[in-house]
Amino acid sequence: MIEDRIRLLEHLVYSNYGSAVGEIASLLLHRGSLPFSHLVRLSSLPPPLVHSSILILSLHGLLYHSESEIGGRLTDLYEINPTAIENRLRGGLYIHLAEEVGDGLDFAVEALWRNGMLKADEIAEEVALKYWGRGSGTGPGYDALKAAAAAAAAGSSKSSKAKGKAKAKDVGPSTMSSAKAAAKKMVARGVRDGFLSIVTPGSQISPMSLEIKWEEELRLAIKGLPTAKDLNQVKATLREKKAEWDEEERERAQGRGFGQEKKKKSRHRGIDMDLETQEEVLPTLPKDAFFRINVERFHVRWRSQLIHEYGKERFNHQVADVLKAILSIAEKEVESIHEDVSRSVTINEIYQAVTGFESQPDLLNCFPDRAPNEGWRPPKIPVEAVGEICRVLGCDDEWDSPKAFLKAAGGGDSVMAKWVVKFHGLEALMKRALVEALIQDKEGLEAVRCWRILDAKGKLEEKHLARLAFLPVKDAREVLGRLSASALIEQQEVPRSADRAPSRTFFLWYVDYNKVVASLLDHLYKALANLQAQRQHQLATNHGLVEKRERSDVREDPNRYLTSADKHNAKRLDEKLEAITTAEMRIDRDIFVLRDLDPVDRRVYIG
């Protein structure tokens, strides 16, 4: 793991959980898997405090557990989950995405984000007490939860009809049980839709330890010395076993396999309904199970928003709105960002989703005046415009589109024509566009032009590159030097003689895309770690002012207890912290695109 990434993770743990937990996390980050006895010996903390720190890290899903034979006996080892620590930067994002889903899901997400793993009753009690019983909730999610609780108190059996429609009643604490019941239904909907998941024993086991264990078992099954064919078979079997394990864990995390009785269901306005009772079907939540935020599901929704923004940049806002409608339909059945394609969506479904938007896009006026060919005719009704936009996104031969967003899945040219989203191709496009933008921002326009030529043409000498880039050889040499110093291009020497003299050697330049992505990730991790350090510096410099603003009397009447100088300094501090937060969000988005998208390049991940 790179030094800057370790520094970033240490900042995040220290700022979120304090110095004791930060010291244990720092030891695990620098030294890898360690047993409890080693943590006690290496740290300056007493054993009870070490145990409490491990418990806190485990409750928030930041720690992996594994078993290893040390001294002839099995010993529990603890290992940090670096990806989960990085996700601590995205708490506000997850809550915002949950608020967009509605139904008060953001309340449950916030409770889980603050407390880690909770049971369903504990989540319901936390939500009911904080946002309903105390009357401190605001927003549409609060209104929906309060309306559902009022409907439950009135004896209504169909609370789903009250969702977002029933008028909230000002009822007192006597209906707290109704509020808890409404919150528990909200938790069940979150589990059904995949935003919340059950904590399984397998989710706490280190994936690397599992792979090592499986590989040892497969190698022991080979008789004699393993051949190349045997080793390839071991790797293939290991990949299959890992995929099967991930699928089983996903099933367990969604509560499947706990013995829930399956009912015949139908879909009505996106809600699972029982065919016999016509009631909303909700999963039965295990009583003793703990729940957590399913960040993978939120990443799917976040990816859809990024694809919508990318479509707006590539085309126009009308085409982007159609793409948004397609993604809103398809993402409901997408469980992981590593799925290559979505389910098929018909033109009629897309049109119905577009008509449900608050601001209706003008689909008939989104095409250029110049026709792509003489046989093309502009659409006359919105449904035809949706079909034409899908053909544009699918790179139909009539249009000059370099890359496809969608892929035809049958149905002809009618309103029942089916299209699927090519997530893999879209992610590769977004990733490459971001790489080029970062190179241009870092090295300039001439540098990104040379980089594109090298990436497209392969290995080139600097004179040949200078001719293709329309640059003097001197300038091309300078650009190549800057790109090489930033690890954005590589050099290969081709000697013409055995002595490898530089005067008789060709120096060819080329692009190693995976190394470029790794280099940019290093740069982004360093920038993010510096921002964390800058935030801590600003808070430490204004320590007195921060403590004064946190006093209860100052919060109640800041005009009375804060001087004009305090107000001026507080305003400047808030502006600086807001700028740091904005920069962190932008860099975190870039890291998400470079590291998590385009699953073919998962080997780029720096772990």
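Definitions and cut-offs
Residues numbered from 1 in each chain as written. Predicted model: local features only at pLDDT ≥ 70, side-chain atom pairs only at ≥ 80, totals over all residues. Heavy atoms only, no water. Helix = DSSP H or I, 4+ residues; strand = E, 2+ residues; numbered from the N terminus. Buried < 20%, exposed > 50% of the residue type's maximum accessible area, 1.4 Å probe, protein only. Contact = heavy atoms within 4.5 Å. Areas by Shrake-Rupley, 256 points an atom, 1.4 Å probe, with all protein chains shown as cover. Core = buried A, V, L, I, M, F, W, Y, C linked by side-chain atoms within 4.5 Å. pLDDT = per-residue confidence, 0-100. Phe/Tyr/Trp six-rings, centres within 6.5 Å; stacked < 30°, edge-to-face > 60°. Pairing = 2+ DSSP bridges. Expected span 1.5 Å × (residues − 1). Axes fitted to C-alpha atoms, helices over the stretch in contact; angles between N-to-C directions. Parallel < 35°, antiparallel > 145°, perpendicular 65-115°, else oblique. Left-handed = near helix turned anticlockwise from the far one by under 90°. Nonpolar A, V, L, I, M, F, W, Y, C, P; charged D, E, K, R; others polar.

Novice: So, the overall build of the protein: which residues are in play, and what are the values?
Specialist: Within the protein one finds 26 helices and 14 strands. Expressed as a percentage of its 607 residues, the buried residues of the protein come to 44%. Pairs at least 24 apart in sequence give 64% of the contacts found in the protein among residues at least 6 apart. When the accessible surface of the protein is totalled, it reaches about 32600 Å², and 51% of it is carbon and sulfur.

Novice: Account for the nonpolar core, with residues named and values stated.
Specialist: Ranked by size, the top nonpolar core spans 132 residues in total, and within it Leu39, Ile350, Leu406, Val435, Trp451 and Leu594 carry the most contacts. A per-element tally of this core places helix α22 (residues 513–541) first, with 10 residues. Beyond its immediate stretch of four places on either side in the chain, valine 435 contacts Trp451, Tyr513, Val516, Val517, Leu520 and Leu594.

Novice: Tell me about the confidence of the model for the protein, residues and numbers included.
Specialist: Averaged over all residues, the pLDDT of the protein equals 81, while 82% of them reach at least 70. The secondary structure element of the protein with the lowest average pLDDT is helix α10 (residues 159–162), at 40, and the one with the highest is helix α4 (residues 47–59), at 93. Across residues 274–278, where pLDDT falls below 50, the model places 8 contacts with residues more than four positions away in sequence or in other chains.

Novice: Describe the packing of aromatic side chains, listing the residues and the values that go with them.
Specialist: Tallied over the full model, the rule gives 7 aromatic pairs. With a centroid separation of 5.6 Å and 40° between ring planes, the pair formed by tyrosine 94 and phenylalanine 298 is classed as tilted. On the criterion of sequence distance, the pair formed by tyrosine 94 in helix α6 (residues 91–101) and phenylalanine 298 in helix α14 (residues 295–314) is long-range, its members being 204 residues apart. An identical accessibility class is assigned to tyrosine 94 and phenylalanine 298; each is buried. Ring centres of phenylalanine 315 and phenylalanine 405 lie 5.6 Å apart, and the angle between their planes is 75°; on these two criteria the pair is classed as edge-to-face.

Novice: Tell me about the sheet that holds strand β10 (residues 406–408), and name the residues and values.
Specialist: Strands sit in the order β9-β11-β10 across an open sheet of 3 strands; the sheet is antiparallel. The outermost strands of the open sheet, each flanked by one partner alone, are β9 (345–346) and β10. Direction of pairing for β9 relative to strand β11 (residues 418–421): antiparallel, over a ladder of 2 bridges. Looking at β11, one finds that threonine 346 is bridged to lysine 418.

Novice: How would you summarise the sheet that holds strand β5 (residues 196–198) if you had to cite specific residues and measurements?
Specialist: On the basis of which strands lie adjacent, the open sheet formed by 3 strands has the order β4-β8-β5 and antiparallel pairing. Each having just a single partner strand, β4 (118–119) and β5 make up the two edges of the open sheet. Where β4 meets strand β8 (residues 290–293), 2 bridges bridge the pair, whose relative direction is antiparallel. Pairing of leucine 118 across the sheet is with phenylalanine 291, part of β8.

Novice: Go over helix α18 (residues 423–443) with me, naming the residues and quoting the values.
Specialist: Taking 1.5 Å per residue, 21 residues should reach 30 Å; α18 reaches 30 Å between its end C-alpha atoms and fits that length. Those residues of α18 not exposed but buried are Phe423, Leu426, Glu427, Leu429, Met430, Lys431, Leu434, Val435, Glu436, Leu438, Ile439 and Glu443. Trailing α18 by a residue or two, glycine 444 shows a phi angle of about 110°, which is positive.

Novice: Give me the lowdown on unusual backbone geometry, citing residues and values where you can.
Specialist: Located in the positive-phi region is phenylalanine 470, a residue other than glycine, with phi close to 55°. Position of phenylalanine 470 relative to the elements: it lies in the loop between α20 (462–469) and α21 (473–485). Unlike most non-glycine residues, alanine 487 shows phi in positive territory, near 60°. Examined against the element boundaries, alanine 487 turns out to sit in the loop between α21 and β13 (490–495).

Novice: Pulling in residues and values, what's your account of the packing of α22 against helix α26 (residues 564–596)?
Specialist: Two numbers describe how α22 lies on α26: the axes approach to 10 Å, and their chain directions differ by 160°. In terms of axis orientation, α22 runs roughly antiparallel to α26. In the crossing of α22 with α26, the sense of the turn from one axis to the other is left-handed. In terms of residue class, the contact of α22 with α26 is made up of 16 nonpolar, 4 polar and 5 charged.

Novice: I'd like a description of the side chain of serine 486, backed by residues and values.
Specialist: Along the polypeptide, serine 486 turns up in the loop between α21 and β13. Those residues in contact with serine 486, other than ones at most four positions away along the chain, are Lys442, Glu443 and Ser519.

Novice: For α26, give the residues involved together with the corresponding values.
Specialist: Across its 33 residues, α26 extends 47 Å between first and last C-alpha, which sits within 8% of the 48 Å expected from 1.5 Å per residue. A positive backbone phi angle near 60° is found at aspartate 598, which sits one or two residues after α26.

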